[in-house]
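# Fold and contact review
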Amino acid sequence: MESVGNADDRLAPANTVGVRAIAAATVGNLLEIYDFISYGMFAVPISAAFFPAGNEYVSLILTFVTFGMGFLARPLGALVIGSYADRHGRKGAFSVTILLMAIGTAVIAFCPTYRSIGLAAPVLITLGRLLQGFSAGAEVGGAVAILIENAPPERRGFFSALQQLSQGCAVLATGIVGVGMTVAFSQAEIMAGAWRIVFMIGLLIAPVGVYIRLRIDETPEFLLERKTRKERLTPGMLLRHVYPIFIGVLIMILWTVATYVSNYFTTYSVREIHLSLQDSYIGQISYGIVMLMVCPMAGRLSDAIGRVRCLLFGAIGIGGVAYPAFWFLIHHPGLGSLCLAQSVIALFLALYASTASTVLGELFPTAVRATGVSLAYSFGVTIFGGFTPAIVTALLGYSGNKLSIAYYLIGAALISAVPILLLDRRRPLERINR
């Protein structure tokens, strides 16, 4: 299968893949995503600690609005850290994201409750979320750049899929920690503050992540591009890539909505289906296992048959299974139904997201890849994904229809079909492997 790209893509060494770089991109991303999604997965006890209100839905909505605030900082982090990575190298920028995420996580782990310090508690939590968001804004762009630039051209799909695999592993790890907590603590103890242990575990991100990332080398492709660079990275240079950024944002709609709907299953299963916290975390484990199994195969498939076909199949699959999966869960509530619903959605999401990360990386040349991918990813997640939990909670609360979450997911799948077809017809920058 022919891989299409510019001269800088073809000149980079294709037969040597840095094992340390792959580990840095996947393990570091796993730890960052673990901390970031833990907030959403433990939203119920967090809402009780920092956002008490007379109405439980209002309290939960405030919690998810604060969750969404972290996404507002993502585009700024993408621009600042991403442009640094494109000018000076992936290594330094990639280490900064780890440190910032650790600080934000520490704020959430140790912040006093509303009962102790009043309004200062939600303010501090919001600041912690903003720090996490600023860091995460450049994390995926850096991971994709390192994976793609260390991969042979004909295997870019497989190596780039490791980024999504690491996100699935993060959900798996969070689920395992959650189950362990439900075994060690009662639900009342978790609500009373034991949930903080999850974020304390996440603080391992600092020593582990920094150690791994400081030991990586710059990618051969970046070093070659910097050596032959004819102009500095400027805002004007980035403006020449507005169209691929726009396409990337549209592709992100389904990726981010489906991801945060999947993470929302923890809250949904407890509040709407009335399952236990332990059951909700086991459901997340099933999601993570499917991601772990399917992402590498999805990456290989995109290398074999092309990105567009994989994206379309993933989008159609998510849209097609959303309604029956939630209908079955609602009418046949139980742990088995929950695992089945999460697994079938995870199956098609793994195919879509693994391919989408490769597409985002191939939309941009090396000189602006970290910034371009980070901006497309961050704007997409900020606009369409960050407030998904708050929107879904509001829909469920005000409509009373438990299938509202399925309709929201179907709408995202329909919208994302448009940029996929646009890729198929226009092939932006002639970079997408057909």
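Residues numbered from 1 in each chain as written. Predicted model: local features only at pLDDT ≥ 70, side-chain atom pairs only at ≥ 80, totals over all residues. Heavy atoms only, no water.

### What about the nonpolar core?
- Ranked by size, the top nonpolar core spans 114 residues in total, and within it Phe 50, Trp 195, Leu 254, Trp 255, Phe 326, Tyr 352 and Leu 409 carry the most contacts.
- The contacts of Trp 195, once residues within four sequence positions are left out, are Phe 42, Pro 45, Ile 46, Ala 49, Phe 50, Ile 108, Met 181 and Ile 190.
- Of all hydrophobic cores here, the second largest spans 13 residues; its members include Ile 22, Ala 25, Phe 94 and Leu 162. (Core = buried A, V, L, I, M, F, W, Y, C linked by side-chain atoms within 4.5 Å. Buried < 20%, exposed > 50% of the residue type's maximum accessible area, 1.4 Å probe, protein only. Contact = heavy atoms within 4.5 Å.)

### Focus on the packing of helix H8 (residues 120–149) against helix H9 (residues 156–184)
- One can describe the packing of H8 onto H9 by two numbers: an axis separation of 8 Å at closest approach and a directional angle of 150°. Every pair of crossing elements has a handedness; the one defined by H8 and H9 is right-handed. Contacts from Val 140, Ala 143, Val 144, Leu 147 and Ile 148 in H8 reach Arg 156, Phe 159, Ser 160, Leu 162, Gln 163 and Gln 167 in H9.
- A class-by-class count of the residues in the contact of H8 with H9 yields seven nonpolar, three polar and one charged. (Axes fitted to C-alpha atoms, helices over the stretch in contact; angles between N-to-C directions. Helix = DSSP H or I, 4+ residues; strand = E, 2+ residues; numbered from the N terminus. Left-handed = near helix turned anticlockwise from the far one by under 90°. Nonpolar A, V, L, I, M, F, W, Y, C, P; charged D, E, K, R; others polar.)

### A few points about unusual backbone geometry
- Unlike most non-glycine residues, His 274 shows phi in positive territory, near 65°.
- Counting through the fold element by element, His 274 comes out in the loop between helix H15 (242–271) and helix H16 (277–305).

### Concerning the pattern of salt bridges
- All chains considered together, the criterion is met by three salt bridges.
- For Asp 303, the salt bridge goes to Arg 307, with nearest N and O atoms at 3.0 Å.
- With a relative accessible area of 10%, Asp 303 lands in the buried category.
- Arg 307 is the partner of Glu 362 in a salt bridge, and the nearest nitrogen-oxygen pair spans 2.7 Å. Taken together, the residues span a long stretch of sequence, with Glu 362 in helix H18 (residues 335–362) and Arg 307 in helix H17 (residues 307–331) at a distance of 55 residues.
- Given a relative accessible area of 1%, Glu 362 falls into the buried group.
- We classify Arg 307 as buried; its relative accessible area is 0%. (Salt bridge = Lys/Arg side-chain N within 4 Å of Asp/Glu carboxyl O.)

### Points about empty space enclosed by the protein
- Under the criterion given, the structure shown has five cavities of 30 Å³ or more.
- Taken as a whole, the largest cavity spans an internal volume of roughly 80 Å³.
- Residue lining of the largest cavity: Ile 33, Ile 37, Gln 164, Gln 167, Gly 168, Val 171, Thr 259, Tyr 260, Asn 263, Tyr 287 and Tyr 377, and that is the complete set.
- Contributing elements (two or more residues each) for the lining of the largest cavity: helix H2 (19–41), H9 and H15.
- In terms of residue count, H9 provides more of the lining of the largest cavity than any other element does, four residues in total.
- In terms of residue class, the lining of the largest cavity is made up of six nonpolar, five polar and no charged.
- Looking at the second largest cavity, the residues that line it are Ile 81, Gly 82, Ala 85, Arg 90, Ala 93, Phe 94, Thr 97, Ala 138, Gly 141, Gly 142, Ala 370 and Ser 374.
- Elements with a minimum of two residues in the lining of the second largest cavity: helix H5 (74–88), helix H6 (90–110), H8 and helix H19 (369–385).
- Residues belonging to the lining of the second largest cavity are distributed by class as follows: six nonpolar, five polar and one charged. (1 Å grid on protein atoms, 1.4 Å probe; cavity = no way out; pocket = protein on both sides within 12 Å on 5 of 7 lines; lining within 4 Å. Points joined across faces, edges and corners; volume = space filled by probe spheres on them.)

### Structural notes on the packing of H2 against H6
- Running from amino to carboxyl end, H2 crosses H6 at an angle of 25°, the nearest separation of the two axes being 10 Å. As the angle between them shows, H2 and H6 are arranged roughly parallel. For the element pair H2 and H6, the recorded crossing hand is left-handed. Residues Ala 24, Ala 25, Gly 28, Glu 32, Asp 35, Phe 36 and Tyr 39 of H2 form the contact with H6, whose participating residues are Phe 94, Thr 97, Ile 98, Met 101, Thr 105 and Ile 108.
- When its residues are assigned to classes, the contact of H2 with H6 shows eight nonpolar, three polar and two charged. (Parallel < 35°, antiparallel > 145°, perpendicular 65-115°, else oblique.)

### Comments concerning the packing of aromatic side chains
- Taken as a whole and judged by the stated rule, the model has nine aromatic pairs.
- Between Trp 195 and Phe 199, the aromatic rings sit 5.8 Å apart at their centres with planes inclined by 90°, giving edge-to-face as the arrangement.
- Judged by its relative accessible area of 0%, Phe 199 falls in the buried class.
- In this structure an aromatic cluster arises from ring pairing among Phe 50, Trp 195 and Phe 199.
- The ring of Phe 158 has Arg 300 lying over it, and the distance from NZ or CZ to the ring centre is 4.4 Å. (Phe/Tyr/Trp six-rings, centres within 6.5 Å; stacked < 30°, edge-to-face > 60°. Lys NZ or Arg CZ within 6 Å of the ring centre and 35° of its normal.)

Everything listed is a geometric property; what it means functionally is a separate question.
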